[in-house]
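The residues making up each chain are set out below.
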Amino acid sequence: EFRRVLFRSSDAVRAAEALLAARLGKERAVLLPTGTLANMLALDRLCPRFARRVLVHPQSHVLADTGDGAAGVMGLTLVPVEPAGAGFTAEAAVAAIRASRVGRVKQGIGAMVVETPVRRRFNEVFPVATMDAAVAAARAEGVATHLDGARLPIAAQSAGRDVAAFCAPFDSVYLSLWKMLGLP
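Residues numbered from 1 in each chain as written. Predicted model: local features only at pLDDT ≥ 70, side-chain atom pairs only at ≥ 80, totals over all residues. Heavy atoms only, no water.

### Some remarks on the pattern of salt bridges
Part 1 of the argument: Under the criterion given, the structure shown has nine salt bridges.
Part 2 of the argument: Here Asp65 ties to Arg120 by a salt bridge, and the two come within 2.7 Å at their closest N and O atoms. Of this pair, Asp65 sits in helix H3 (residues 61-65) while Arg120 sits in the loop between strand S3 (109-115) and helix H6 (128-140), and the two are 55 residues apart along the sequence.
Part 3 of the argument: Here Asp171 and Arg139 are joined by a salt bridge, their closest N and O atoms 2.9 Å apart. Residue Asp171 is located in the loop between helix H8 (163-167) and strand S5 (172-175), and its partner Arg139 is located in helix H6; the two are separated by 32 residues in the primary sequence.
Part 4 of the argument: Look at Asp171 and you get partly exposed, because its relative accessible area is 37%.
Part 5 of the argument: Using a relative accessible area of 40% as the deciding quantity, one classes Arg139 as partly exposed. (Salt bridge = Lys/Arg side-chain N within 4 Å of Asp/Glu carboxyl O. Helix = DSSP H or I, 4+ residues; strand = E, 2+ residues; numbered from the N terminus. Buried < 20%, exposed > 50% of the residue type's maximum accessible area, 1.4 Å probe, protein only.)

So, in structure tokens, the structure goes:
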């Protein structure tokens, strides 16, 4: 009996992951128990061996709520980008990326995180045109992008995009299955 229940459970998980991947417009989805774990695993996968630095907003969830997990568990160094409200400009992101490439020791940026809306800024959204420019600039510099989309349906709606279109420019996306879903 246990094997039958376990098999049905794994089928349900695979089906849910396939449905989420299709809705987000991504190749795969993985269900995980916490957003912190989801973000850390995504960033670990995005950052190559010699580019273990991650650009983040100074008030982001990844910087403020992971404790030493990024460094201690994943070997990632979080680098705050000069903020511009709930986001940061393409110029600030590029400046941080290029600054990491000079000096005696290269300190490569492997990924950039976008969180929107930003909980610590009372759910203020990263302005979509500014976000699009920052993501495009990071990608042009060879830096992977990750969306901390805990409140993704709100971000997509505020940008006037469907969820898959909102997620399209990002290499990986975290979506919470319980935060603010069902709100108008």
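### Some points on the pairing of strand S4 (residues 144-149)
Consecutive side chains along a regular strand alternate between the two faces of the sheet.
Part 1 of the argument: S4 sits mainly inside the fold: six of its six residues count as buried.
Part 2 of the argument: Across the two faces of S4 the burial is the same, with Ala144, His146 and Asp148 and Thr145, Leu147 and Gly149 all buried.
Part 3 of the argument: When S3 meets S4, the two strands line up parallel, connected through five bridges. Counted as the bridge partner of Glu115 is Asp148 from S4.
Part 4 of the argument: Viewed along the sheet, the connection from S3 through H6 into S4 turns out right-handed.
Part 5 of the argument: By the bridge criterion, four bridges tie S4 to S5 in an arrangement that is parallel. Paired with Leu147 across the two strands is Val173, which belongs to S5. (Pairing = 2+ DSSP bridges. Right-handed = clockwise from strand over helix to strand, strands pointing away.)

### Some words on the packing of aromatic side chains
Both the distance between ring centres and the angle between the ring planes are used here to describe each pair of aromatic rings.
Part 1 of the argument: Using the criterion set out here, one finds one aromatic pair in the structure.
Part 2 of the argument: Arranged with centres 5.3 Å apart and planes meeting at 70°, the rings of Phe88 and Phe126 form a pair that is edge-to-face. Here Phe88, found in the loop between strand S2 (77-80) and helix H5 (90-99), pairs with Phe126, found in the loop between S3 and H6; they are 38 residues apart in sequence, far enough to count as distant. Comparing Phe88 with Phe126 shows no difference in burial state: the two are buried. (Phe/Tyr/Trp six-rings, centres within 6.5 Å; stacked < 30°, edge-to-face > 60°.)

### What about the side chain of Asp148?
Part 1 of the argument: Inspection of the secondary structure assignment puts Asp148 in strand S4.
Part 2 of the argument: Of the side chains with opposite charge, Arg151 lies nearest to the buried Asp148, which makes no salt bridge, at 6.2 Å.
Part 3 of the argument: Polar side-chain contacts of Asp148 include one of 3.2 Å to the side chain of Asn39.
Part 4 of the argument: A distance of 3.3 Å separates a polar atom in the side chain of Asp148 from a polar atom in the side chain of His61.
Part 5 of the argument: Non-local contacts of Asp148, meaning those with residues more than four positions away in its chain, are made with Asn39, His61, Val62, Val113, Val114, Glu115, Thr116 and Tyr174. (Lys, Arg positive; Asp, Glu negative; His and termini not counted. Polar contact = N/O pair within 3.5 Å; in protein donor to acceptor, adjacent residues only side chain to side chain. Contact = heavy atoms within 4.5 Å.)

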